[in-house]
Amino acid sequence: MILLVGKKDFRMLAKMMLITILFLFASVSGALEPVVRLIPQEIYGDQVLDLLGRRGQDGILIMQFTFFTDNRENSYPKRIAQKLVEIHEQNDRAPILVALESRKDANEANGKGASQRNAKTKKLLNDAGIAVADIYGHSQNGVSHAKLVMVGDEVIAGSNNLTKQSTDIGANNEMNLAVRSKKIAGAVREYVSRIISNPGQMVDMEVQDGSVRLLTDRLHFEELVGQIKRAEQGDQIGLSMYQFLYRNESDLQAKQVLDELIAAHKRGVQLEIFLNRAQDLSTQNTGANFRVAELLLQEGVSKIYFDPEAKISHSKFLYRISGGEKVAVISSVNIYRGDFNDNHQLTWVVKDVAVIDQLVAYFKQQIAKDGTLASKILKESRGSISVGGSCKALF
């Protein structure tokens with residue numbers, strides 16, 4: 001008997017098959033306690049390739065905002081895609097699933113929109129027989145902004161897209177965390193499966209294993225604000241951010257983060273803030289970060305830095321040191337209302353002392369290597385930066 005199904009039914013059947021694949025993923029082994037490692041931009045590409053190379057019989061799950069396999073054979077994204085094809089060809093029953101943002105800038109005339117680039121990678125992988133799910137965020141403008149690579153029970157997630165710009169060593173400032181945990185990996189599988197089954201529905205989840213906690217989607221904002229509120233006199237807060245989009249009074253959540261930082265400064269908290277100002281961003285986007293820097297400077301926060309124009313600082317993390325307590329929030333989330341409310345996101349909250357010490361050292365090195373005081377840059381740029389209500393977030 002031949003079963004005839006319509007296009008809509010076929011899409012639903014395919015979607016359910018993808019979800020089934022997710023739940024077939026199995027790990028050969030796993031540590032009783034989570035293993036946590038810091039993965040900065042300089043080692044991200046090699047770490048992903050190494051993780052894929054150690055796959056064994058474990059399933060592979062990749063969820064990305066942008067996975068762009070350009071024509072440069074030596075680029076990390078191209079090598080990662082080729083590795084996936086190689087694994088599939090060696091064992092076509094190997095569980096591999098890639099989920100990619102499918103709506104962002106779909107009509108860009110130059111063909112460089114995230115979804116347009118993802119479509120090219122989707123075709124490459126589909127042609128090899130690898131399943132690719134189309135995903136997107138909540139509301140008309142929502143996107144799937146989480147960036148993760150998972151093999152078995154190990155997840156690498158943070159700010160890194162799978163693009164040449166994001167993975168070329170030294171091109172960007174990026175920050176990610178690698179966590180090996182059965183409990184957290186299981187939660188990630190559930191999270192992705194729920195997004196595939198209903199991409200426009202936000203999926204708020206929280207799971208903790210030992211010193212690390214995973215938050216998804218809309219749970220980031222309260223965590224970020226809460227960490228700032230907990231800081232007292234003499235404590236330290238370091239913040240590295242790609243987009244701090246407080247453009248006008250309608251950006252209520254960004255304003256609340258700004259207000260909490262100012263209040264923390266007035267309590268005697270030591271603040272250091274590093275913001276992006278790459279030249280390939282529109283002046284309005286750069287202007288939003290400049291506006292925040294100027295408002296903080298007016299309140300007496302002096303240690304604010306911008307990166308060089310030739311570099312993109314795409315990392316999104318905050319750490320707090322309060323006496324003997326150390327905690328870091330490492331994520332894919334900009335300080336921006338769309339990221340807080342409408343976009344799929346992953347956030348790590350980690351209390352592993354060794355990892356946070358490494359993060360603080362990396363942050364200080366980033367400032368020493370790439371940072372220029374905002375007070376100096378603002379003085380030089382005054383009058384040339386636009387900060388309007390029409391700012392558009394770039395990811």
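Values in this document were obtained by computation on a predicted structure and should not be read as measured data.

**Focus: the packing of helix α7 (residues 220-230) against helix α8 (residues 252-266)**
Two numbers describe a pair of packed helices, the interaxial angle and the distance between the axes. The interhelical angle for the contact between α7 and α8, taken along N-to-C directions, is 15°, at an axis separation of 9 Å. In this view, α7 runs roughly parallel relative to α8, as classed from their interaxial angle. For the pair α7 and α8, the crossing hand works out as left-handed. Seen from α7, the contacting residues are Phe221, Leu224, Val225, Ile228 and Lys229; seen from α8, they are Gln253, Gln256, Val257, Glu260, Leu261 and Ala264. A class-by-class count of the residues in the contact of α7 with α8 yields seven nonpolar, two polar and two charged.

**Description of the pattern of salt bridges**
The tally for this structure, following the rule as stated, stands at 24 salt bridges. In this structure, Lys364 and Glu272 form a salt bridge, with 2.2 Å as the shortest nitrogen-oxygen distance. Placement of Lys364 in helix α11 (residues 353-370) and of Glu272 in strand β12 (residues 270-275) is noted, with a sequence separation of 92 residues between them. Overall, the relative accessible area of 35% leaves Lys364 in the partly exposed class.

**Quick look at the sheet that holds strand β3 (residues 96-101)**
Strand order across the open sheet formed by seven strands is β1-β8-β6-β5-β2-β3-β4, with mixed pairing between neighbours. Both outer strands of the open sheet, β1 (35-40) and β4 (131-135), are each paired with one neighbouring strand and no more. Direction aside, the axes of adjacent strands within the sheet are offset by 15° on average. Packed on one face of the sheet, helix α2 (residues 41-53) meets β1, β2 (60-64), β5 (148-151), β6 (154-158) and β8 (175-180) and runs near 130° to β1. Running over the sheet, helix α4 (residues 114-127) touches β2, β3 and β4 and is turned about 160° from β4.

**Overview of the packing of aromatic side chains**
How two aromatic rings sit relative to each other is given by the distance of their centres and the angle of their planes. If you walk through the whole model with that rule in mind, you get four aromatic pairs. Taken together, a centroid distance of 4.5 Å and an interplanar angle of 35° make the contact between Phe290 and Phe306 tilted. Residue Phe290 is located in helix α9 (residues 283-298), and its partner Phe306 is located in strand β13 (residues 304-306); the two are separated by 16 residues in the primary sequence. Exposure class is identical for Phe290 and Phe306. Each is buried.

**Overview of the pairing of β12**
Burial analysis of β12 places five of its six residues in the buried class, which makes it a mostly covered element. In terms of strand pairing, strand β11 (residues 236-241) meets β12 through six bridges, oriented parallel. By the bridge assignment for β12, Ile237 is matched with Leu271. Between β11 and its parallel partner β12, the chain crosses via α8, and the hand of that crossover is right-handed. In this structure, β12 lies alongside β13, joined through three bridges in parallel fashion. Pairing of Phe274 across the sheet is with Tyr305, part of β13.

Criteria and thresholds
- Residues numbered from 1 in each chain as written.
- Predicted model: local features only at pLDDT ≥ 70, side-chain atom pairs only at ≥ 80, totals over all residues.
- Heavy atoms only, no water.
- Axes fitted to C-alpha atoms, helices over the stretch in contact; angles between N-to-C directions.
- Helix = DSSP H or I, 4+ residues; strand = E, 2+ residues; numbered from the N terminus.
- Parallel < 35°, antiparallel > 145°, perpendicular 65-115°, else oblique.
- Left-handed = near helix turned anticlockwise from the far one by under 90°.
- Contact = heavy atoms within 4.5 Å.
- Nonpolar A, V, L, I, M, F, W, Y, C, P; charged D, E, K, R; others polar.
- Salt bridge = Lys/Arg side-chain N within 4 Å of Asp/Glu carboxyl O.
- Buried < 20%, exposed > 50% of the residue type's maximum accessible area, 1.4 Å probe, protein only.
- Pairing = 2+ DSSP bridges.
- Phe/Tyr/Trp six-rings, centres within 6.5 Å; stacked < 30°, edge-to-face > 60°.
- Right-handed = clockwise from strand over helix to strand, strands pointing away.

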